[in-house]
Amino acid sequence: MTHSTFPLGDAAYGIDLPATAKPADVIVPIRSLGENHRGRIAVHLKALDAHDRYYRFGFAASDAQIERYVAGLNFDRDEIFGIYNRHLVLIAMAHLAYAGDGHLPECAEFGVSVLPHVRGRGFGQRLFERAMMHARNHGVRMMFLHVLSENAAMLTIARKAGASVVRDGCESEAHLVLPPATLNTQVTELLEEHMAQANYQVKIQAKQFRDLLNSLGSAWRVPPGLGSAHGPAP
């Protein structure tokens, strides 16, 4: 396997510190994304401003560069995770890219982005944990992150998970050695994926219902001036 055609760069910007994350009993539906989500991934990444893009990719990627990155995503090789809100907007996503070096066949790189208005809710932490569990279940021995040294939030999350961090000037690299999969991690991932898929279908149906109500409301709404018994003024 090979790296993504677009550098993952820094893992996140504005990602939640553990102290601000939601309590452990709050369920965050995280689902695997496939080919049919490519368009929404592009919309999500383009919603990041230049500063956020710099933290995510290591440089302020243009819309054209983001489009090339999204077009090059290999859903058969890598794993893409996402969190949708009730409006089916992709508010957070993570990319687990498998290393292509023949000497490192069991390594994967993690990258994540969270939209500004939903930061501070623990989404970055949850995506990191989900990616770790998936990597373990698929035989990955080491997960690593290329992070800008000023990104203290992501480094805190990595260190909390037990990663070793090496700083090289303005950049840092975190390496996390993963334990083998267990029956618990395999069953947990399966259940979480089924729950997230079901949650996504419910959101689709709810959005369709809201759209139907809005369209009916528009059809029955009386245009201004036509509600008067005397009709519109001449």
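Chains are numbered independently. Their residues run from 1 in the order of the written sequence. Per-residue local features of the predicted model are confined to residues with pLDDT of at least 70, and side-chain atom pairs are confined, for both listing and counting, to 80 or more; whole-chain, interface and lining totals are unaffected and use all residues. To get the side-chain values, all heavy atoms of the structure are used, and hydrogens and water are removed first.

1. Considering the confidence of the model for the protein
Looking at the protein as a whole, its pLDDT mean stands at 81, while 80% of the residues score no less than 70. By definition, pLDDT measures how confident the predictor is in each residue, and it falls between 0 and 100. Helix and strand assignments come from DSSP, with helices taken as H or I runs of at least 4 residues and strands as E runs of at least 2, each series counted from the N terminus. At the level of individual helices and strands, the protein shows its lowest average pLDDT in helix α5 (residues 152–160), which scores 83, and its highest in helix α1 (residues 38–46), which scores 97. The low-confidence segment residues 1–24, where pLDDT is below 50, has 95 contacts with residues more than four positions distant or belonging to other chains. Contact definition: two residues touch when any of their heavy atoms are within 4.5 Å.

2. Focus: the sheet that holds strand β2 (residues 79–84)
At least two DSSP bridges between two strands are required for those strands to pair. The sheet built from seven strands is open, its strands ordered β1-β2-β3-β4-β5-β7-β6 with mixed pairing. Each of the sheet's edge strands pairs with one partner strand only, and the pair in question is β1 (31–32) and β6 (164–168). Set on the sheet, α5 makes contact with β4 (107–114), β5 (142–148), β6 and β7 (171–177); between it and β5 the angle comes to about 160°. Axis definition: a line fitted to C-alpha atoms, over the contacting stretch in the case of helices. Angles run 0 to 180 degrees between N-to-C directions.

3. Re the pairing of β2
Extensive coverage of β2 is indicated by the burial of six of its six residues. Here's how the labels work: a residue is buried when its accessible area is under 20% of the maximum for its type, exposed when over 50%, partly exposed in between, all with a 1.4 Å probe on protein chains only. Side chains of β2 alternate between two faces, with E79, F81 and I83 and I80, G82 and Y84 buried alike. Pairing analysis gives two bridges linking β1 to β2, with the strands arranged antiparallel. Among the inter-strand pairings, R31 is bridged to a residue of β2, identified as G82. As judged from the six bridges shared by β2 and strand β3 (residues 90–98), these two strands associate in the antiparallel manner. Paired with I83 across the strands is A92, a residue of β3. The turn linking β2 back onto β3 is made up of five residues, and L88 within it adopts a positive phi angle of 60°.

4. Focus on α1
Those residues of α1 that fall on the buried side of the exposure criterion are R38, I41, A42, H44 and L45. Along the axis of α1, the buried positions cluster into a sector of 160°, meaning they face one direction only. Summarising the contacts, the buried residues of α1 are in contact with α2 (50–57), α3 (63–71), β2, β3 and β4. Taken from the helix axis, the directions to the C-beta atoms give the arc we talk about.

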